[in-house]
Amino acid sequence: MLTNLWYVVLPSAQLKDGLAPVQLLGQPFVAFRDEDGRARLLSDICVHRGGSLSAGSKAGASVQCPYHGWRFDKDGLCTHIPAQPDARVPVKARVDAYPTVERHGWIWAFLGDLPEAERPPLPDLGWVDDPAVRVVSGHFDWDASWDRVMENGLDFAHAPFVHGSTFGDPDHPQIDAFDVQRQDWSGQARMTMRRPVRKGWLRRTPTGEHVQVTTVPGYHFSGPCATLELTPREGWKIHIVSAHVPVSANRTRTWWMMGRTFLRSPLFDRRTIASNLRIFEQDHEVLRKVRPERVPDTWQQEVSVKSDGLQIAFRQRLRELEQRGWRIDEARLAREFTGRTACVVPGPERRAGGAWAIPTIPLLDVTP
Ligand code: FES
Ligand SMILES: [Fe+2]
């Protein structure tokens, strides 16, 4: 798991007036809307005696801890201590606050301390806001790590084995050579999948014919998102984005949206949602049993081939980001930050120095 990335917190529509607890990177956060309706995200650990802020209440634009009623504003500063209302608020009475953006129907939060100019961009998901595209959405929970789930979405060699003829042809599982386009924060590949044409009610009867489906899988480190664009026939497009958010080291919450430029009647929504969830279920059957649970640290511990090219690009970029010191030290986290010591992902305000009560999450020194 990495700090200093944008993570999808919640769909905008799911954050209303109250406080929403959210677990990301193994840590608790509280999301809420301020007086202007803007989404905010704070660490959920009250610095007084460790109360869970999300179990408290909203008091105007502040969050009130359920334990002794301390109030924290949208920037995480304590503004009120009910037991001694006239005394000065200690400087350390603050919790970490994280930059947020609402775009393409999701709330994104930057979980790290980089200044604004150094933060990665968000992916361009313009199709979500295009009235010519019918969008459906949902979520899926995995007993699998975010990096394994992510790589699964970049890999089409598994499709005929795990998903039958949904994306390809089980009788022709070979993947034609493809190039990977890499940008700083994203990468994608254009593949041509051969899909058998079936006919009849429920499309069970093979016709012996095939169509070529242009299939463009990709990744973006903000979200972090797996993207997929399909052209099932001339002029038809399907867009899928799945933000694979690490809840903890081995559990992932996927927020997904799927858009189609054809059969746009809402009558087709249910079928579209069901088919996307069926695909996740099929992947889950495999991913929950994959070992090791996480992508291994060295290439030598697995065997890669050319058709794994897009995953390889993702892994290489992931390694580079880890070498910046952004990788959370999960072993130390499990060993040292239980029982008597909590920790938090540092927000940008920590860069200004000053005193903070709760130590920052341990990061790993990954040498190139
Ligand atoms: S623990 Fe939050 S106010 Fe005391
Ligand atoms: Fe899959």
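Reading guide: rules and limits
Residues numbered from 1 in each chain as written. Chains lettered and ligands numbered in written order. Predicted model: local features only at pLDDT ≥ 70, side-chain atom pairs only at ≥ 80, totals over all residues. Heavy atoms only, no water. Donors = N, O, S within 2.8 Å, 3.2 Å for Na, K, Ca; no water. Tetrahedral: all angles 85-135°; square planar, octahedral: opposite > 155°, others 65-115°. Helix = DSSP H or I, 4+ residues; strand = E, 2+ residues; numbered from the N terminus. Buried < 20%, exposed > 50% of the residue type's maximum accessible area, 1.4 Å probe, protein only. Axes fitted to C-alpha atoms, helices over the stretch in contact; angles between N-to-C directions. Left-handed = near helix turned anticlockwise from the far one by under 90°. Contact = heavy atoms within 4.5 Å. Nonpolar A, V, L, I, M, F, W, Y, C, P; charged D, E, K, R; others polar. Pairing = 2+ DSSP bridges. 1 Å grid on protein atoms, 1.4 Å probe; cavity = no way out; pocket = protein on both sides within 12 Å on 5 of 7 lines; lining within 4 Å. Points joined across faces, edges and corners; volume = space filled by probe spheres on them. Domains from an automatic or database assignment. Buried area = accessible area lost by both parts, 1.4 Å probe. Salt bridge = Lys/Arg side-chain N within 4 Å of Asp/Glu carboxyl O. Polar contact = N/O pair within 3.5 Å; in protein donor to acceptor, adjacent residues only side chain to side chain.

Before going further, it helps to examine the coordination of the iron ion (ligand 2). A metal bound by six donors in octahedral fashion has ideal angles of 90 or 180 degrees, whereas one bound by four tetrahedral donors has an ideal angle of 109.5 degrees. Around the iron ion (ligand 2), the protein contributes the donor atoms H158 (NE2), H163 (NE2), D283 (OD) and D283 (OD), at 2.1 to 2.4 Å from the metal centre. Here the iron ion (ligand 2) binds four donor atoms, and the angle range of 57 to 145 degrees at the metal identifies the geometry as irregular. Sequence spacing of the donor residues for the iron ion (ligand 2), all on one chain, is H-x4-H-x119-D. Of this pair, H163 sits in the loop between α2 (159-162) and β13 (180-182) while D283 sits in helix α3 (residues 269-287); the two residues are 120 residues apart in sequence, bridging distant segments of the chain. D283 carries the same exposure label as H163, and that label is buried.

Time to look at the packing of helix α1 (residues 146-153) against helix α4 (residues 309-326). Viewed as axis vectors pointing N to C, α1 and α4 meet at an angle of 145 degrees, and their least axial separation amounts to 9 Å. For α1 against α4, the interelement crossing comes out right-handed. For the pair α1 and α4, contact is made by W146, D147, R148, M150 and E151 and by Q311, F314, R315 and L318, respectively. Per-class residue counts for the contact of α1 with α4 are four nonpolar, one polar and four charged.

Moving on: the sheet that holds strand β10 (residues 100-103). Taken in spatial order, the three strands line up as β1-β11-β10 in an open sheet, and their pairing is antiparallel. The two strands at the open ends of the sheet, each matched to only one other strand, are β1 (5-11) and β10. The average angle at which neighbouring strand axes cross in this sheet is 30 degrees, direction not considered. As defined by bridge partners, β1 adjoins strand β11 (residues 106-111) across six bridges and the pair is classed as antiparallel. Counted as the bridge partner of V8 is W108 from β11.

We now examine empty space enclosed by the protein. Summed over all chains, the structure comprises two cavities of 30 Å³ or more. Roughly 270 Å³ of volume is contained in the largest cavity. G153, L228, I279, F280 and D283 are, among the 20 residues lining the largest cavity, the residues nearest its centre. For the lining of the largest cavity, the elements supplying multiple residues, two or more each, are α1, β17 (225-231), β18 (238-248) and α3. If you add up the space inside the second largest cavity, you get close to 50 Å³. The wall of the second largest cavity is formed by S43, I45, V47, R94, V95, D96, V344, R350, W356, A357 and I358. Across the lining of the second largest cavity, the residue classes tally to seven nonpolar, one polar and three charged.

Leftover empty space is mapped by rolling, across the atoms, a probe with the size of a water molecule. In this structure, the second largest pocket encloses a volume near 340 Å³. Taken together, 17 residues line the second largest pocket, and the ones lying closest to its centre are R148, E151, D155, Q311 and R315. Grouping the amino acids of the lining of the second largest pocket by side-chain chemistry returns seven nonpolar, four polar and six charged.

What follows covers the pairing of strand β2 (residues 20-24). A one-sided burial pattern is seen for β2, the buried positions being A20, V22 and L24 and the unburied ones P21 and Q23. What sits between the antiparallel neighbours β2 and strand β3 (residues 27-33) is a turn of two residues, in which L25 has the positive phi angle 55 degrees.

Further remarks concern the domain arrangement of the chain. Assigned domains of the chain: these are domain 1 (5-118) and domain 2 (126-319). Each of domain 1 and domain 2 was reduced to a C-alpha centroid, and the two centroids are 34 Å apart. Tallying the contact residues gives 15 residues for domain 1 and 19 residues for domain 2. Taken together, both faces of the contact between domain 1 and domain 2 bury some 1300 Å²; the carbon and sulfur share is 68%. When the buried surface of domain 1 facing domain 2 is broken down by residue, L5, H104 and W106 rank first, second and third, together holding 41% of it. Where domain 1 packs against domain 2, one counts zero salt bridges. Where domain 1 touches domain 2, the interface holds six residue pairs in polar contact (both at pLDDT 80 or more). If you list the elements that add at least two residues to the side of domain 1 that touches domain 2, you get β1, β2 and β11. Here the side of domain 1 that touches domain 2 takes seven residues from β1, the largest share from any one element. Along the lines of polarity and charge, the residues of the side of domain 1 that touches domain 2 split into 11 nonpolar, four polar and no charged.

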